[in-house]
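So you can see what is in the structure, the chains are spelled out below.
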Amino acid sequence: MSAPLIVLVGPMGVGKSTVGRILAERLGTGFRDTDDDVVAAEGRSISDIFVDDGEPAFRALEKQAVRRALAEHEGILALGGGAVLDADTRALLAGLRVVYLSMDVEEAVKRTGLNAARPLLAVNPRKQWRELMEARRHLYEEVATAVVPTDGRTPDEVAQAVLDALQLPAPTGGATPGPRQEEAMPAPVTRIHVGGTAGTEPYDVLVGRQLLGELAGLIGTKAKRVAVIHPEALAETGEALRADLAGQGYETIAVQVPNAEEAKTAEVAAYCWKALGQSGFTRTDVIVGVGGGATTDLAGFVAATWLRGVRWIAVPTTVLAMVDAAVGGKTGINTAEGKNLVGAFHPPAGVLCDLAALDSLSVNDYVSGLAEVIKAGFIADPVILDLIESDPQAARTPAGPHTAELIERSIRVKAEVVSSDLKESGLREILNYGHTLGHAIEKNERYKWRHGAAVSVGMHFAAELGRLAGRLDDATADRHRTILEAVGLPLHYRYDQWPKLLETMKVDKKSRGDLLRFIVLDGLAKPTVLEGPDPAVLLAAYGEVGE
Ligand SMILES: NC(=O)c1ccc[n+]([C@@H]2O[C@H](COP(=O)([O-])OP(=O)(O)OC[C@H]3O[C@@H](n4cnc5c(N)ncnc54)[C@H](O)[C@@H]3O)[C@@H](O)[C@H]2O)c1
Ligand SMILES: O=C(O)C(=O)C[C@@H](O)[C@H](O)[C@H](O)COP(=O)(O)O
């Protein structure tokens, strides 16, 4: 992976571009400016972007431009004045030679004045400058390996001061080697392969950080248009992705859909189809679904149905979507009669699980995703259960010591199953552990419960059913309660709702005619099907769950 030789940060007007060009010339390397990148990608000035779209929109574009430039550029890189406001950007600068070019307020007002090309200083420059610097100075200092004052110096003198501060001699020929290359190691990426079955293409699930650079490669060169479908909560991310892809030459649209289950409706699917139709989306074009499982289920379904199937890429941003929803090609929407009743098997062309996305999840949504992780533990990989039980509190946050391992292990479980049975003709049914009752609870709650919470209650029920049916030992059945409770997932639901839940379970996708079918365990990691259980056993199992 490449890294810039020197990164220049500092306030607007300090001379990063002028000094950067001089440094590039002296060091025999190239110069790049992320503000220029944004302007080129958008075809508008920065002032216009601020005025038309607002500062948050500009910051999102800037963040993508910085990320891309850091990954691609080996010379001198100047960042926009506010780039360091973003915590992810600051993290990306760790280990690089970063020089903060500073200047005092008098010099700043002299240099910037009422320059309309600098939108943040358009009114009362002296006061605004002070406020800006109060907010930013410590951030420049945080990322800098050297601070070089520019007051009273010519650009040539500043460039020399930078070389002196970094102890970099200007070479007599050729470029100076990149900075501390052994320290700027690429972040590890795990690649989990999903085999193609039933005439579908194989694909990979990538787990790591800074993965969005992989997107264009997955979209490929045959696509002319890309539609980024994202939920309201990820408006900034969706727009940043769209702008990044636009900067790479694709015609792009961002399609914002409601958060969570409200997106999984025929009306929202129709809204997406309309957006595709109006943009002239053809069979070679590509949909990117970025968001939680509800969004990836919808985006995949829209991809499956538009022109009878176009390629799509999943960018899951919740634990649940990474470990389950985005992998395996089950796409769909809900109807008034039940969960996921309309859908298609339509695998993605690739899945990018960028673990950094998890940092903005609410605890509730993070923990909800653990239900599917725990499911993978009970049906196939008990090491998952051991890891969670070793510190359940730590497992509740993305900062926990086993986050990446838990996610990767769960994806491997899913990948192995769907690689051999895409269309759920047998083995795949085991992934529905806890879902028969779980889906009925979701419907009963009009989808106000998170899927993971409902599946948690459903797994408790399945464990009790397995125990009462004489299949599951007490220790493993009890382990369901302790682990689910330890991470803060629910075990119980309203007892009086049983008749309604039973009715809904009759239209579960595993039912055959009037025969109810459940996934239960014959023992730890030994899932099996329980067909047509005695109604009295069902009720007794629910007796343990109902309250
Ligand atoms: N297709 C499958 O195989 C499969 C498997 C499991 C679950 N699912 C489906 O997945 C859905 C549940 O997915 P989920 O638990 O991810 O919920 P979700 O998609 O409803 O997301 C939960 C909330 O988090 C928001 N969000 C998403 N990413 C965020 C982020 N990084 N930061 C902040 N907020 C963020 C969403 O907008 C939403 O409001 C259900 O519809 C379920 O049926 C499908
Ligand atoms: O991938 C599967 O197969 C699953 O069953 C995974 C489940 O966790 C997921 O909730 C899935 O959407 C359920 O599918 P459904 O066919 O029961 O609607």
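Residues numbered from 1 in each chain as written. Chains lettered and ligands numbered in written order. Predicted model: local features only at pLDDT ≥ 70, side-chain atom pairs only at ≥ 80, totals over all residues. Heavy atoms only, no water.

1. Section: the overall build of the protein
Step number 1: In terms of regular secondary structure, the protein is built from 22 helices and 16 strands.
Step number 2: For 547 residues, the compact-globule estimate of 2.2 N^0.38 gives 24 Å, and the C-alpha radius of gyration of the protein, at 27 Å, lies within 12% of that figure.
Step number 3: Put simply, the protein has 547 residues, and 54% of those count as buried.
Step number 4: Taking the contacts inside the protein whose residues are at least 6 apart along the sequence as the reference set, 74% of them involve residues at least 24 apart.
Step number 5: Of the roughly 22,400 Å² of accessible surface on the protein, a fraction of 51% belongs to carbon and sulfur atoms.
Step number 6: Counting 57 positive and 73 negative side-chain charges, the protein places the centres of these two groups 3 Å from one another. (Helix = DSSP H or I, 4+ residues; strand = E, 2+ residues; numbered from the N terminus. Rg over C-alpha atoms; globule rule 2.2 N^0.38 Å. Buried < 20%, exposed > 50% of the residue type's maximum accessible area, 1.4 Å probe, protein only. Contact = heavy atoms within 4.5 Å. Areas by Shrake-Rupley, 256 points an atom, 1.4 Å probe, with all protein chains shown as cover. Lys, Arg positive; Asp, Glu negative; His and termini not counted. Charge placed at Lys NZ, Arg CZ, Asp CG, Glu CD.)

2. Things to note about the site of ligand 1
Step number 1: What surrounds ligand 1 is a group of 27 residues, the closest being E261, G293, T317, T318 and K330.
Step number 2: Contacts to ligand 1 include A357, whose backbone N or O atom sits 3.0 Å from a nitrogen atom.
Step number 3: Residue K414 places a side-chain N or O atom 3.0 Å away from an oxygen atom belonging to ligand 1.
Step number 4: For ligand 1, whose unbound accessible area comes to 860 Å², protein coverage reaches 92%.
Step number 5: Elements represented by at least two residues in the shell around ligand 1 include exactly α12 (293-305), α13 (319-325), β13 (338-345) and α14 (363-379).
Step number 6: A class-by-class count of the residues in the shell around ligand 1 yields nine nonpolar, eight polar and 10 charged. (Near = heavy atom within 4 Å. Polar contact = N/O pair within 3.5 Å; in protein donor to acceptor, adjacent residues only side chain to side chain. Nonpolar A, V, L, I, M, F, W, Y, C, P; charged D, E, K, R; others polar.)

3. Quick word on the UniProt feature "domain: 3-dehydroquinate synthase C-terminal" (unreviewed entry) in the protein
Step number 1: In the UniProt entry, the feature "domain: 3-dehydroquinate synthase C-terminal" (unreviewed entry) is given for residues 369-511.
Step number 2: In residues 369-511, helix accounts for 63% and strand for 0%; the two terminal C-alpha atoms are 26 Å from one another. (UniProt positions renumbered as here; feature names shortened; annotations may be inferred.)

4. Observations concerning the pattern of salt bridges
Think of it this way: side chains of opposite charge can pair up when their charged atoms draw near.
Step number 1: For the structure shown, the criterion picks out 42 salt bridges.
Step number 2: A salt bridge links R32 to E72, with the nearest nitrogen and oxygen atoms 3.1 Å apart. In this pair, R32 sits in strand β2 (residues 31-33) while E72 sits in helix α4 (residues 55-72), placing the two residues 40 residues apart along the sequence.
Step number 3: Among the ionic pairs, R481 bridges to E464, the shortest N-O distance being 3.1 Å. Of this pair, R481 sits in helix α20 (residues 474-486) while E464 sits in helix α19 (residues 451-468), and the two are 17 residues apart along the sequence.
Step number 4: For R481, a relative accessible area of 28% gives the class partly exposed.
Step number 5: Here the residues in one salt-bridge network are E464, R467, D474, D478, R481 and E544, joined through shared partners. (Salt bridge = Lys/Arg side-chain N within 4 Å of Asp/Glu carboxyl O.)

5. Here's the deal with unusual backbone geometry
Step number 1: Despite not being glycine, R446 has its phi angle at roughly 50°, a positive value.
Step number 2: Its location among the elements puts R446 in the loop between α18 (435-444) and α19.
Step number 3: R446 gets classed as exposed once you look at its relative accessible area, which sits at 68%.
Step number 4: A positive phi angle is found at A525, which is not glycine, with a value near 60°.
Step number 5: Within the secondary structure layout, A525 lies in the loop between β15 (517-521) and β16 (527-531).

6. Thoughts on the environment of F378
Step number 1: Tracing the backbone through its elements, the reader meets F378 in helix α14.
Step number 2: C-alpha separation for the pair F378 and L92, spaced 286 residues apart in sequence, amounts to 37 Å.
Step number 3: Setting aside anything within four residues of it in sequence, one finds F378 in contact with L385, Y433, T476, R479, H480, I483, L521, L524, A525 and K526.

7. Describing the environment of G458
Step number 1: Relative to the helices and strands, G458 is located in helix α19.
Step number 2: Note on G458: relative accessible area 1%, which makes it buried.
Step number 3: Once residues lying within four places of it in the same chain are set aside, the contact partners of G458 are G434, L437 and G438.

8. Here we look at the environment of N432
Step number 1: Its place among the elements puts N432 in the loop between α17 (403-420) and α18.
Step number 2: Its relative accessible area of 9% is what places N432 among the buried residues.
Step number 3: For the pair N432 and K509, spaced 77 residues apart in sequence, the C-alpha to C-alpha distance is 9.8 Å.
Step number 4: Ignoring anything within four residues of it in the chain, the contact list for N432 reads K330, E424, D508, K510 and I519.

9. Description of the sheet that holds strand β11 (residues 311-316)
Step number 1: Taking strand neighbours across the sheet as the criterion, the seven strands line up as β6-β7-β14-β11-β10-β8-β9 in an open arrangement whose pairing is mixed. Sheet topology places β6 (190-194) and β9 (251-257) at the edges, where each strand pairs with a single neighbour. Strand-to-strand, the axes of this sheet are offset by a mean angle of 15°, without reference to chain direction.
Step number 2: Here strand β8 (residues 225-231) pairs with strand β10 (residues 286-291) via four bridges, running parallel. Bridged to A227 within β10 is I287.
Step number 3: Contacts between α12 and the sheet are confined to β8, β9, β10 and β11, with β10 contributing the most and set at about 170° to the helix.
Step number 4: On the sheet, α17 packs against β6, β7 (203-208) and β14 (350-354) and is oriented at approximately 20° with respect to β6. (Pairing = 2+ DSSP bridges. Axes fitted to C-alpha atoms, helices over the stretch in contact; angles between N-to-C directions.)

10. Concerning the site of ligand 2
Step number 1: Around ligand 2, a shell composed of 13 residues is seen, among which D324, K414, R428, H435 and K509 lie nearest.
Step number 2: Within the contact set of ligand 2, an oxygen atom lies 2.7 Å away from a side-chain nitrogen or oxygen of D324.
Step number 3: Here an oxygen atom of ligand 2 and a side-chain polar atom of K509 are 2.5 Å apart.
Step number 4: For ligand 2, whose free accessible area comes to 430 Å², the fraction covered by protein is 93%.
Step number 5: Every element with two or more residues in the shell around ligand 2 is listed here: α14 and α18.

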